[in-house]
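Listed below are the residues making up each chain.
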Amino acid sequence: MLDSTQVLQAVNAGQPISVIYEVMQYAPDRVSVRADSPIQSLSELKGKTIGLAGDRDQGTLQIILDFVGLTIDDVKTAVVGDSGPVLAKSLQDGTIDAFAGGGNDINGIESAGMKLRNITPSAASENPGNVFVILNERKEELRDKVTRFLKAYSMANNAGLLGYKTVASIAKKVRPDQWENLPAGYKLLDTAAYQTTLVRTRLRGEPQPDVWAGIQPPYVKLSELKAEVDPKTFIDDSFIAGANDYTTEEVKAGLKKWQKENAEIMLP
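Everything quoted here is computed from the prediction, not taken from an experiment.

Visitor: When you look at the sheet that holds strand 3 (residues 49-52) in this model, what are you seeing that I'm missing?
Guide: Remark on secondary structure: sheet strands pair via backbone hydrogen bonds, oriented parallel or antiparallel. Strands sit in the order 4-3-5-2-6 across an open sheet of five strands; the sheet is mixed. Each having just a single partner strand, strand 4 (76-79) and strand 6 (116-118) make up the two edges of the open sheet. Taking the axes of each pair of neighbouring strands and ignoring which way they run, one obtains an average angle of 35 degrees across the sheet. Relative to strand 5 (residues 98-101), strand 2 (residues 30-34) runs antiparallel, the two sharing three bridges. Bridging from a neighbouring strand, Ser32 pairs with Phe99 of strand 5. Contacting strand 2, strand 3, strand 4 and strand 5, helix 2 (residues 57-66) crosses the sheet at an angle of about 135 degrees to strand 3. Across the sheet, helix 4 (residues 103-111) is in contact with strand 2, strand 5 and strand 6; its angle to strand 5 comes to roughly 140 degrees.

Okay, here's the thing in structure tokens:
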């Protein structure tokens, strides 16, 4: 699983890979400020300090800033990690004026009691956030296993929409540490089911050549890429039909079966 920047950098470097499934068709990465911050737009961040979960977020921040004509040199950056309480404190005491990171980072901050406001231009989020890629030479060797995995993945994502409380109960059973605070657990599930993995194509996971073409110019402009690459050279949609070879009834039946077998731990 790679994000779009990593895919494009790999392709630019001549790596023989193909995008076979878009996990997140709308990038979860964003720039946020405290809900009560006087900063109302991205353009007001000039000269301000932006916190990053890690160094790899700097490339994403550069792309987002470019949408309002700013560069990474127009702001200050500080790697502050991905601990929700630490990030919330950094925003609260003014160590950072804004934070750039992914959905889980944002959830961690809000779960720590800090309300945030997203100031990212919507156009900046029209970007595959995470995708599954495969080495071209291993496609046929792994086709059956990968197709079955992608089908299970698709069904699981669909289950989040068809049986929200059941999936919440499954998640709590599997990862109780993420559900010690129920509102925080539900926030994670909300982000996954209704934002990051929400399908935006006819078939779940279907690669979008037009989107891949459209996101490349800013990367080239900022020297993240040497040159644009035709998406047809690194997109393979031959796994998508198999990944969607199931019915809604099958997903519902699986949810009902789990409910019946785990009735005592179903969340209210």
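Visitor: How do you make sense of the packing of helix 3 (residues 84-92) against helix 4 when you look at a structure like this?
Guide: Their axes nearest at 7 Å, the elements helix 3 and helix 4 cross at an angle of 70 degrees. Relative to helix 4, the element helix 3 is oriented roughly perpendicular. Listed contacts from helix 4 to Gly84, Leu87, Ala88 and Leu91 of helix 3 are Asp105, Gly108 and Ile109. Broken down by class, the residue content of the contact of helix 3 with helix 4 amounts to four nonpolar, two polar and one charged.

Visitor: What am I meant to see in the environment of Gly103 here?
Guide: Locating Gly103 in the fold gives a position in helix 4. Each C-alpha atom of the pair Gly103 and Arg117 lies 13 Å from the other, and the pair is 14 residues apart in sequence. Excluding residues that lie within four positions of it along the chain, Gly103 makes contacts with Pro28 and Thr191.

Visitor: Looking at this structure, how should I read the pattern of salt bridges?
Guide: Opposite charge on two side chains permits them to pair, given that their charged atoms come into close proximity. Going through the model one piece at a time under the given rule, you end up with 10 salt bridges. Note that Asp144 and Arg148 form a salt bridge whose closest N and O atoms lie 3.1 Å from each other. With Asp144 and Arg148 both in helix 5 (residues 139-162) and four residues apart, the pair spans about one turn of that helix.

Visitor: Just checking my understanding: could you explain the environment of Asp177 for this structure?
Guide: Within the secondary structure layout, Asp177 lies in the loop between helix 6 (164-174) and helix 7 (182-196). Sequence separation between Asp177 and Tyr219 is 42 residues, and the spatial gap between their C-alpha atoms is 38 Å. In terms of polar contacts, Asp177 uses its side chain to reach the side chain of Arg175, at 2.8 Å.

Calculation criteria
- Residues numbered from 1 in each chain as written.
- Predicted model: local features only at pLDDT ≥ 70, side-chain atom pairs only at ≥ 80, totals over all residues.
- Heavy atoms only, no water.
- Pairing = 2+ DSSP bridges.
- Helix = DSSP H or I, 4+ residues; strand = E, 2+ residues; numbered from the N terminus.
- Axes fitted to C-alpha atoms, helices over the stretch in contact; angles between N-to-C directions.
- Contact = heavy atoms within 4.5 Å.
- Parallel < 35°, antiparallel > 145°, perpendicular 65-115°, else oblique.
- Nonpolar A, V, L, I, M, F, W, Y, C, P; charged D, E, K, R; others polar.
- Salt bridge = Lys/Arg side-chain N within 4 Å of Asp/Glu carboxyl O.
- Polar contact = N/O pair within 3.5 Å; in protein donor to acceptor, adjacent residues only side chain to side chain.

Shape descriptors only; they carry no functional weight alone.
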